[in-house]
Amino acid sequence: MVNQMYLSKAAVILTLVILPVAAVNAQDTAGEIAELRQLVSEMRTDYETRISALEARLVAAERAARGAERDAEEAYEIAEQTAVDQGAGTSAPNSYNPSIGAILMGHYADVDSGWDEIPGFQPGGEIGTGGSGFSLGEAEINMQANVDAKHFGNVTIGLHEDEGELEIELEEAWFQTSDLPAGITATGGRFFSASGYLNSFHFHSDDFTDRPLPYQAFYGGRYSVDGIQARWIAPTKLLFEMGAELNWGGGFPATGNGETSPGAYTLFAKLGGDVGDSHSWLVGASHISADAIERSGGHGHEIVIPEETFTGDSDLTVVDFVWKWAPAGNNSIRNFKIQGEFFSRAEDGIYADIDYNGDQTGWYLQGVWQFAQTWRVGLRHDVVDSDNGPLLVGTELEDPGRSSWRNSLMFDWSPSEFSRLRLQYTNDRVLAESDNQWFLQYIMSVGAHAAHQF
Amino acid sequence: MSRIIALLLILVSPLKANALSVFACEPEWGALVAELAGEDVEITVATTAFQDPHSLQARPSLIAAVRNADLVVCTGADLEIGWLPLLLRRAGNPAVQLGTQGNFLAANYVRRIEIPKSIDRSQGDVHPQGNPHIHLHPRSISRVADELAERLSQLDSSNSADYASRLEYFQHRWDEAQSVWDERIGTLKGMRLASHHRSFSYLADWLDLDIVATLEAKPGIPPSGAQLATLLEQLTPNPPVGVIRTPYENEKPSAWLSDRLDIPQIQLPFTIGGTDKAVDLFSLYDQTLRILEEYAN
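Everything in this summary refers to the structure shown in the same document. For clarity, every value in this text was computed on a predicted model and none was experimentally measured.

This brings us to the overall build of chain B. For chain B, the count of helices and strands is 10 helices and eight strands. Going through the 297 residues of chain B one by one, you find that 57% of them count as buried. Of all intrachain contacts in chain B linking residues separated by at least 6 positions in sequence, the fraction that spans at least 24 positions is 65%. A total of about 12,200 Å² of accessible surface is found on chain B, and carbon and sulfur atoms cover 51% of it.

The subject of this paragraph is the sheet that holds strand β4 (residues 103-105) of chain B. Residues and elements named next belong to chain B. Strand order in this open sheet of four strands is β2-β1-β3-β4, and the pairing throughout is parallel. Edge positions in the open sheet fall to β2 (41-45) and β4, since each of these has one partner strand only. Strand after strand, the sheet turns through a mean of 20 degrees between neighbouring axes, direction not considered.

Moving on, we get to helix α9 (residues 251-261) of chain B. Residue and element names in this part refer to chain B. Buried within α9 are the following residues: P253, S254, L257, S258 and L261. What you see down the axis of α9 is that its buried residues fit within an arc of 120 degrees, all on one side. Relative to its buried face, α9 has exposed residues pointing more than 90 degrees away, namely K252 and D259. Tucked inside the fold, the buried residues of α9 contact α8 (225-235), β7 (242-245) and β8 (265-267). A distance of 3.3 Å separates the backbone nitrogen of K252 from a side-chain oxygen at the start of α9, and that oxygen is part of N250. Just downstream of α9 lies D262, where phi reads positive at about 55 degrees.

Two side chains carrying opposite charge are able to pair once their charged atoms lie near each other. All names here are of chain A. As enumerated under the stated definition, the model contains 27 salt bridges over all chains in all. As a salt-bridge pair, R406 and D210 come within 2.7 Å of each other at their nearest N and O atoms. Residue R406 is found in strand β15 (residues 404-416), and its partner D210 is found in the loop between β6 (184-192) and α2 (213-219); the two are separated by 196 residues along the sequence. We classify D210 as buried; its relative accessible area is 12%. When the shortest N-O distance is used, the salt bridge between R231 and E241 registers 2.8 Å. On the criterion of sequence distance, the pair formed by R231 in strand β7 (residues 224-233) and E241 in strand β8 (residues 239-247) is long-range, its members being 10 residues apart. Look at E241 and you get buried, because its relative accessible area is 0%.

Time to look at the pairing of β7(B). Residue and element names in this part refer to chain B. Neither face of β7 is open: one carries G242 and I244, the other V243 and R245, and all of them are buried. Two elements, strand β5 (residues 192-195) and β7, share three bridges in a ladder whose sense is parallel. Among the inter-strand pairings, L193 is bridged to a residue of β7, identified as G242. For the crossover from β7 across α9 to β8, the handedness is right-handed.

Below, the discussion takes up the interface of chain A and chain B. The accessible area lost on association of the parts is a frequent measure of interface size. Every contact between the two is made by 60 residues of chain A and, on the other side, 48 residues of chain B. Across the chain A to chain B interface the summed buried area is about 4,400 Å²; carbon plus sulfur atoms make up 49%. With a shortest N-O distance of 3.1 Å, B:R59 and A:D274 are connected by a salt bridge. Summed over the shared surface of chain A and chain B, the result is 19 residue pairs in polar contact (both at pLDDT 80 or more). Elements that contribute at least two residues to the side of chain A that touches chain B include exactly α1 (2-88), β5 (165-177), β6, β7, β8, β9 (264-275), β10 (279-296) and β15 of chain A.

Before going further, it helps to spend a moment on the packing of aromatic side chains. This structure, assessed with the given rule, holds 27 aromatic pairs over all chains. Both rings, one in B:W174 and one in B:F282, keep their centres 5.1 Å apart while their planes meet at 70 degrees; by these two values the pair is edge-to-face. Pair noted here: B:W174 is in helix α6 (residues 160-184) and B:F282 is in helix α10 (residues 281-295), with a separation of 108 residues, a long-range link. B:F282 matches B:W174 in its accessibility class, with the two residues each being buried. Both rings, one in B:W181 and one in B:Y285, keep their centres 5.0 Å apart while their planes meet at 20 degrees; by these two values the pair is stacked. Linking B:W181 in helix α6 with B:Y285 in helix α10, this pair joins segments that are 104 residues apart in sequence. Across this residue pair, the class does not change: B:W181 and B:Y285 are buried. One aromatic cluster in this structure is built from A:F121, A:Y215, A:F218, A:Y219, A:Y223, A:F343 and A:Y364. Across from the ring centre of A:F454, 4.3 Å away, lies the NZ or CZ of A:K324, which sits over that ring.

Time to look at the state of the cysteines. All names here are of chain B. All chains considered together, the criterion is met by one disulfide over all chains. The disulfide partner of C25 is C74, and the gap between their sulfur atoms is 1.9 Å. Between C25 and C74 the sulfur-sulfur dihedral comes to about 55 degrees; the bridge is accordingly right-handed. Of this pair, C25 sits in the loop between β1 (20-24) and α2 (27-37) while C74 sits in strand β3 (residues 71-74), and the two are 49 residues apart along the sequence. Across the pair, exposure class does not vary: C25 and C74 are buried alike.

The next subject is the side chain of A:T426. All names here are of chain A. Structurally, T426 can be placed in strand β16 (residues 419-429). Here the side chain of T426 touches S408 through a polar contact of 3.1 Å, side chain to side chain. A distance of 3.1 Å separates the side chain of T426 from the side chain of Q424, its partner in a polar contact. If we ignore the near neighbours within four places in the chain, the residues touching T426 are R406, N407, S408, D435, N436, Q437 and F439.

A few words now on unusual backbone geometry. Cis geometry is found at the peptide bond from A:F252 to A:P253, where omega equals 15 degrees. Mapped onto the elements, A:P253 comes out in the loop between β8 and β9. For B:D78, which is not glycine, the phi torsion reads 70 degrees and is therefore positive. Inspection of the secondary structure puts B:D78 in the loop between β3 and α4 (84-91). Using a relative accessible area of 22% as the deciding quantity, one classes B:D78 as partly exposed. In the Ramachandran plot, B:D262 falls in the positive-phi region, its phi being about 55 degrees despite a non-glycine side chain. Relative to the elements of secondary structure, B:D262 occurs in the loop between α9 and β8. Under the relative-accessibility criterion, B:D262 is labelled exposed at 70%.

Procedures and definitions
Residues numbered from 1 in each chain as written. Chains lettered and ligands numbered in written order. Predicted model: local features only at pLDDT ≥ 70, side-chain atom pairs only at ≥ 80, totals over all residues. Heavy atoms only, no water. Helix = DSSP H or I, 4+ residues; strand = E, 2+ residues; numbered from the N terminus. Buried < 20%, exposed > 50% of the residue type's maximum accessible area, 1.4 Å probe, protein only. Contact = heavy atoms within 4.5 Å. Areas by Shrake-Rupley, 256 points an atom, 1.4 Å probe, with all protein chains shown as cover. Pairing = 2+ DSSP bridges. Axes fitted to C-alpha atoms, helices over the stretch in contact; angles between N-to-C directions. Arc of directions from axis to C-beta. Polar contact = N/O pair within 3.5 Å; in protein donor to acceptor, adjacent residues only side chain to side chain. Salt bridge = Lys/Arg side-chain N within 4 Å of Asp/Glu carboxyl O. Right-handed = clockwise from strand over helix to strand, strands pointing away. Buried area = accessible area lost by both parts, 1.4 Å probe. Phe/Tyr/Trp six-rings, centres within 6.5 Å; stacked < 30°, edge-to-face > 60°. Lys NZ or Arg CZ within 6 Å of the ring centre and 35° of its normal. Disulfide = S-S within 2.5 Å.

Listed below in structure tokens is the structure:
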């Protein structure tokens, strides 16, 4: 009984004591769990942000490392390059040398009769076919460089042997401005005139072994000016250029007159552009007005009768064009070029003490086709014709009553940009009888890289 | 007099409508100028991807373009030696002469490779200053971009903030693109190729390509039949994956060799416009990798 009472008492007490405690305990645990959950989730978000931050930093570091690696590599390369550049600069006294080039030309010819004068024309220099056999032709030495920030200088010396004697010709010796504004360029000294498309080229870059007949008849090969030239290029998309030359020298058809006023002047204009990627063109017109005094023909090799000189006005007009084509404009493999020039001259004065009023014309048309990377074939027709009147019978200028013409076919091979071998056949009707001529020519270029003149 | 001046102004004005007029020798530099200068400039590009930059002529339209240019951007390292000096001399434009601010030669600012130890024409048309085809290495582009942007802002200082931000934008994109390319180029490493000319030396340097043979025995000199036959003999035991060439190089030698070795001829765009899809520097690189990936493995 006592036990029962005691027990129930104890149970009551226990119940009284434990229950609230248990209730309190249960409440505590739930709160803790929630707290822990929150803590864990907070930690998770925290770590996630930290991890992603770390990841981002890692990526950045990797990128930086890659950049650093690249920079290091670059720094190494710059050092390398600097070493190379400094090494290249060690030959300092040499580095101001101008670009120097030499051209070696020569040919073997098979000519029947040949000629050194064109009937009806006063020869203006060394022209003609030359004789048969091997001949050395001309060696040409060229030097050019900037003189300073304002000028460019160029000199070309031609060497050739004539009947056992070495002849030295100052082909070009000119300076040119490089700092004039607005498309203006001035040139002074001895230079090739801008009159005529072919005239501004050296002989070695011609497409045939000799110049076309009008160049031989009207220029004695080429027209050189001793004097000044000014040219201006318009600020347009198409090339439009015009200029003038004053000549105090004796370059045929002019003569040196030893006076303050020039012996000849030239006016010229050129227009050129592209048609699509594949075609380019250039047309030109020019006029040379010369006041000749006792102009003698030839080059002094043959005995010229002293009185056979010309004194008077010589007016020459030249119209020229060139059209070039290459597939997609890529001229290194295949290309085609067609060019032609027309010359018309009026001379009025005294020739060999005879009143002389003559008109002469000439033209040529040629096409050159590069059909494979190193091979070209070309065809040319050239004509000159004189109408000098009946008074000059018996002189050099006696009207031949016919025009002089030729047809030439050439074939050349250029194993590199610096060498060329050419075979040319010409049917020559400069004189009355037909002459079949063969030429085998070499052109070698040493030293400075040639300019790709259009 | 005032009438003459007015006439001159009319003649001059249409070409000076833009802030700067830029003459670029090659399409890659034209594209880089476009990235860095946007609409602010008028760009004339002298060559297309189909024209050999070695053999161009100083044609009339180019003389006119240089005459009107404020800035000439070319490769240099003698790549344009046959025509650029002549253009500069003929154009009568003091602002773009060599050594002036208006004359920018990209090769001066990058590491050049294949610098010859000795120079002699019997070795072919070698460039004393090293291989000039610098633009197919991404680092060349980013280095040239830095220098070019600075030059543009010197010439046109009123827009220099523009050039700076365009440069930053370009370099950012170029860097991103490079990261993508870096992941792709693993498969191309050590790829064995024959090349017509040394046009891809910088690309090979970047990608670690193995150029086992150059068809031109001497740079700039078309290979002879005998040279090709020797090459065929050398390559037969272990033929390369293909023969690469630019769009302007003669296809005959690579056609001959690839035919006999039974390997493909691979024409790479080389520069902007070389394939239809190579429209800017990014797509040029992407296209180049894509074509090489097609043949790798």
